[in-house]
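These are the residues of each chain, in order.
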Amino acid sequence: MSTPVLRRGLRTLGMLLITLSAISPASSVFVIAPGVLTGAGSGAFYAFLAAAVVGVFMAFVYAELGSAFPSAGGEYTIAARTLGKLPGFMVLGIMIVTQVLIVAVIALGVGQYLSVVLPGVSPAVVAAVTCVLAAIVAVFDIKLNAWVTGIFLAVELLALAVVAVLGLAKPARPFTDLLAHPVAPGGGPATISAVMIATAIAIFAYNGYGSAVYFGEETKDAGRGVARAVLMGLGVTVLAELIPVTAVLMGAPDLGTLFSSPNMLSYFVQARGGSTLDTVLSLAVALAIINAVLAIVLISSRLVFSSGRDRAWPKAMNRALAAVHPKFGTPWVATLATGFIAAALCFVDPQILTVVTSTSIVVVYAALCLGAILGRRSGATAGAKYRMPGFPIAPAVALIALAFVLYVNATDPVIGRPSLIVTAAIALLALGYYLVVLRRRGGWQLSEAVEEEEPAPAPVRETS
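Only a predicted model underlies this, so the values are computations on that prediction, with no experimental measurement involved.

## Some details on the overall build of the protein
Helix and strand counts for the protein stand at 19 helices and zero strands. Relative to the globule expectation of 23 Å for 464 residues, the C-alpha radius of gyration of the protein, 22 Å, shows essentially globular dimensions. Nonlocal contacts in the protein, meaning residues at least 24 apart in sequence, comprise 84% of its contacts between residues at least 6 apart. For the protein, the exposed area adds up to about 18300 Å²; of that, 70% sits on carbon and sulfur atoms. For the protein, the distance from the average position of its 27 positive side-chain charges to the average position of its 20 negative side-chain charges is 7 Å.

## Some remarks on the environment of Leu 429
Among the secondary structure elements, Leu 429 is positioned in helix 19 (residues 416–441). On a C-alpha basis, the gap between Leu 429 and Gly 93 in space is 7.9 Å, while along the polypeptide they are 336 residues apart.

## A short note on the packing of aromatic side chains
Evaluation of the coordinates by the stated rule reveals twelve aromatic pairs. On the numbers, 6.1 Å between centres and 85° between planes, the contact of Tyr 62 with Tyr 209 is edge-to-face. Separated by 147 residues along the polypeptide, Tyr 62 in helix 3 (residues 44–68) and Tyr 209 in the loop between helix 9 (192–206) and helix 10 (222–251) bring together distant segments of the chain. The same class applies to Tyr 62 and to Tyr 209, which are both buried. With a centroid separation of 5.5 Å and an interplanar angle of 25°, the aromatic rings of Tyr 76 and Trp 444 are classed as stacked. One end of the pair, Tyr 76, is in helix 4 (residues 75–83); the other, Trp 444, is in the segment after helix 19, with 368 residues separating them in the sequence. Judged by relative accessible area, which is 1%, Trp 444 ranks as buried. A connected cluster of aromatic rings, assembled from ring pairs, spans Tyr 76, Phe 89, Trp 313, Tyr 433, Tyr 434 and Trp 444. In this structure, Arg 376 packs its charged tip against the face of Phe 391, placed 4.2 Å from the ring centre.

## Considerations on unusual backbone geometry
Of note, the bond from Phe 391 into Pro 392 is cis; its omega dihedral lies within 30 degrees of zero at 5°. A positive phi is found at Ser 24, a non-glycine position, where the angle reads about 55°. When you line up the elements, Ser 24 lands in the loop between helix 1 (12–23) and helix 2 (25–40). Here the phi dihedral of Asp 221 falls at roughly 55°; this positive angle occurs in a residue that is not glycine.

## Digging into the pattern of salt bridges
One pass over the full model with this rule turns up seven salt bridges. Across the pair Glu 64 and Arg 387 runs a salt bridge, and its minimum N-O distance is 3.4 Å. Placement of the pair is Glu 64 in helix 3 and Arg 387 in the loop between helix 17 (360–378) and helix 18 (393–410), with a sequence separation of 323 residues. Here the two residues Glu 64 and Arg 387 agree in accessibility, since each one is buried.

## Points about empty space enclosed by the protein
What the rule picks out here adds up to two cavities of 30 Å³ or more. Lining the largest cavity are Ala 200, Ile 203, Phe 204, Ile 361, Val 362, Tyr 365, Leu 402 and Val 405. When residues of the lining of the largest cavity are traced back to their parent elements, those giving at least two are helix 9, helix 17 and helix 18. Grouping the amino acids of the lining of the largest cavity by side-chain chemistry returns eight nonpolar, no polar and no charged. Looking at the second largest cavity, the residues that line it are Val 29, Ala 33, Leu 37, Val 245, Val 248 and Leu 265. Every element with two or more residues in the lining of the second largest cavity is listed here: helix 2 and helix 10. Looking at the lining of the second largest cavity, the element that brings in the most residues is helix 2, giving three residues. Classifying every residue of the lining of the second largest cavity by side-chain character gives six nonpolar, no polar and no charged.

## Quick notes on the environment of Val 195
By secondary structure assignment, the location of Val 195 is in helix 9. The contacts of Val 195, once residues within four sequence positions are left out, are Ala 40, Gly 43, Tyr 46 and Ala 47.

## A closer look at helix 9
With 15 residues, helix 9 extends 21 Å between its outermost C-alpha atoms, agreeing within 8% with the 21 Å of an ideal straight helix rising 1.5 Å per residue. Residue Ala 200 marks the point of greatest curvature in helix 9, where the axis turns by about 30°. Those residues of helix 9 not exposed but buried are Ala 194, Val 195, Ala 198, Thr 199, Ala 200, Ala 202, Ile 203, Ala 205 and Tyr 206.

## Considering the side chain of Ser 447
Here Ser 447 shows up in the segment after helix 19. Classification of Ser 447 by relative accessible area gives buried; the value is 16%. Within the structure, the side chain of Ser 447 is placed 2.8 Å from the side chain of Asp 310, a separation counted as a polar contact. With residues up to four places along the chain from it excluded, the contact list for Ser 447 reads Thr 3, Arg 81, Arg 309 and Asp 310.

## Section: a nonpolar patch on the surface
Taken together, Val 125, Val 129, Leu 133, Ile 136, Phe 140, Leu 144 and Phe 347 make up a surface patch of nonpolar side chains, about 630 Å² in accessible area. Of all the elements, helix 6 (residues 123–139) adds the most residues to the nonpolar patch, at four residues. By secondary structure assignment, the location of Phe 140 is in the loop between helix 6 and helix 7 (142–169). Using a relative accessible area of 33% as the deciding quantity, one classes Phe 140 as partly exposed.

## Concerning the packing of helix 1 against helix 13 (residues 275–309)
Interaxial distance between helix 1 and helix 13 falls to 7 Å at its minimum, and their mutual angle equals 115°. The two elements helix 1 and helix 13 meet at a crossing, and its hand is left-handed. Here Ile 18, Ser 21 and Ala 22 of helix 1 come into contact with helix 13, specifically with Asn 291, Ala 292, Ala 295, Ile 296, Leu 298 and Ile 299. Of the residues contributing to the contact of helix 1 with helix 13, the split by class is seven nonpolar, two polar and no charged.

Thresholds applied
Here the residue index of a chain counts from 1 through its sequence in written order. In view of the model being predicted, local features appear only for residues whose pLDDT reaches at least 70, and side-chain atom pairs are presented and counted only at 80 or more, with totals across whole chains, interfaces and linings using the full set of residues. Values shown for side chains rest on all heavy atoms present in the structure; no hydrogens or waters enter the calculation. Secondary structure counts use DSSP, requiring at least four H or I residues in a row for a helix and at least two E residues in a row for a strand, with both numbered from the N terminus. With the radius of gyration taken over C-alpha atoms, the globule rule is written as 2.2 Å times the number of residues to the power 0.38. Whether two residues touch is decided by their heavy atoms; if any such pair falls within 4.5 Å, the residues are in contact. For accessible areas, the Shrake-Rupley method is used with a probe of radius 1.4 Å. Any residue's cover is judged against the shown protein chains and nothing else. Only four residue types enter the tally: Lys and Arg on the positive side, Asp and Glu on the negative side, with His and both chain ends excluded. To locate a charge, the coordinates of NZ of Lys, CZ of Arg, CG of Asp or CD of Glu are taken. When two rings of Phe, Tyr or Trp (its six-membered ring) have centres within 6.5 Å they constitute a pair, described as stacked for plane angles under 30 degrees, edge-to-face for angles over 60, and tilted for the intermediate range. For every residue, the accessible area (1.4 Å probe, protein chains only) is compared with the maximum for its type, and the residue is labelled buried under 20%, exposed over 50%, or partly exposed between those bounds. Only when the NZ of Lys or the CZ of Arg is both within 6 Å of the ring centre and within 35 degrees of the ring normal is a charge said to sit over the ring. Any carboxyl oxygen of Asp or Glu that lies within 4 Å of a side-chain nitrogen of Lys or Arg is treated as forming a salt bridge with it. A cavity here means a set of 1 Å grid points, computed over protein atoms only, where a 1.4 Å probe fits but cannot escape. A pocket is an open set with protein on both sides within 12 Å along at least 5 of 7 lines, and lining residues have an atom within 4 Å of a point. Grid points are joined across faces, edges and corners, and a volume is the space filled by probe spheres set on the points. The nonpolar class holds Ala, Val, Leu, Ile, Met, Phe, Trp, Tyr, Cys and Pro. Asp, Glu, Lys and Arg form the charged class, and all remaining residues, Gly among them, are polar. Multiplying 1.5 Å by the helix residue count minus one yields the expected span of that helix. Fitting one axis to the seven residues ending at a residue and another to the seven starting there, the bend at that residue is the angle between the two axes. Two N or O atoms form a polar contact when they lie within 3.5 Å of each other; inside protein one atom must be a possible hydrogen donor and the other a possible acceptor, and for residues adjacent in sequence the pair counts only when both atoms belong to side chains. Only residues whose relative accessible area exceeds 30% and that form no salt bridge are eligible for patches; like-charged ones are grouped when within 9 Å, while nonpolar side chains (Val, Leu, Ile, Met, Phe, Trp, Tyr) are grouped when within 5 Å. The angle between two axes is taken between their N-to-C directions and runs from 0 to 180 degrees, where each axis is a line fitted to C-alpha atoms and a helix contributes only its stretch in contact. By definition, turning the near helix anticlockwise from the far helix through less than a right angle yields a left-handed crossing, and turning it clockwise yields a right-handed one.

Following this line, the structure appears as structure tokens:
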């Protein structure tokens, strides 16, 4: 049986648009950033800055590994090629559970922001409908989806620009106050420990730039394109989130009221721009979340498709998940399955969804850092068209930061610790499935990389 092939309809720009849409900077600023402010006060500026440094190191790791293995399987393919098939399958187990759950988690935010104009609407119903519609749109040509996400992305970046202007045009305090005198939410100076703990949250606000690797098989000159999209994605994300957060901290009329507000961004926008502008920006955030759902469905369906192509499941299931639409060249069964399962999960308790997904990405990040180090030593990544500078500083520093994040989660009895336990349980289930099912079949059969349809440009000088 021939290997199913996805259509190469993207270039670097299209890949970048989908990647940025999955990150959803507006959602991060309006939904995740308040958690950083609650923990660190105006020290959130330093938390986002420190998270950006960690992001740079992880982006280097993703760029090199993604350029070596630009596969629809994403992180699990990379782990399997650099660490071995068993660790790779454990990463697949973690990713395939959490990615579909993340679609539901993100979709549940749509109803929250649409309630501004549709009071009383059921967030679960709105989320489920969003997932189904996103899956239907995602079946169409990948180039069309890139343009759709790009248009939505422009709207959310405009919303963030408005927030930035509101705070920076007439600041209530100078920027030097953020640098020299960061204050805690309850008054007094923000402590270093509080900023460090808040950094763990800020890291997740930037997360998603590595998603570019999932579109490697649909992008021309994928080896270079993935690396460029990862690095540019992080750069745009940091600017799109750090500047508005800084503007809010500088422009809020009263920091104490800001930190105690149940909706910090709404308080800020109303104080500086009025209730009408707050309504408009709330709708823009809802649109940003819808866009993120579409982008994450596109990503998750590639993962599901790749798992079927690699024959990870029963034969009939593999055949269905690996099906490629004859007209659009997309993994249509995997896409619809992802959307409909996510829609059903929208009716699960949101707390459960959060517990399952909150620490899994840290474990996957750690696996990639190890893969970058061992891949260099074994020569597995020798074909990479991008080489990170200063190796092995990036993966080593990132591992230290990730160890700290895991420590912070282990000390949190509400979400962090249960999430670690659930992530470990998923990994153990994947281990058991591999040993009991796949090994008896004769092993896990990873698909070989699909060759590009047209020759790549001449090599360029690698970064040393």
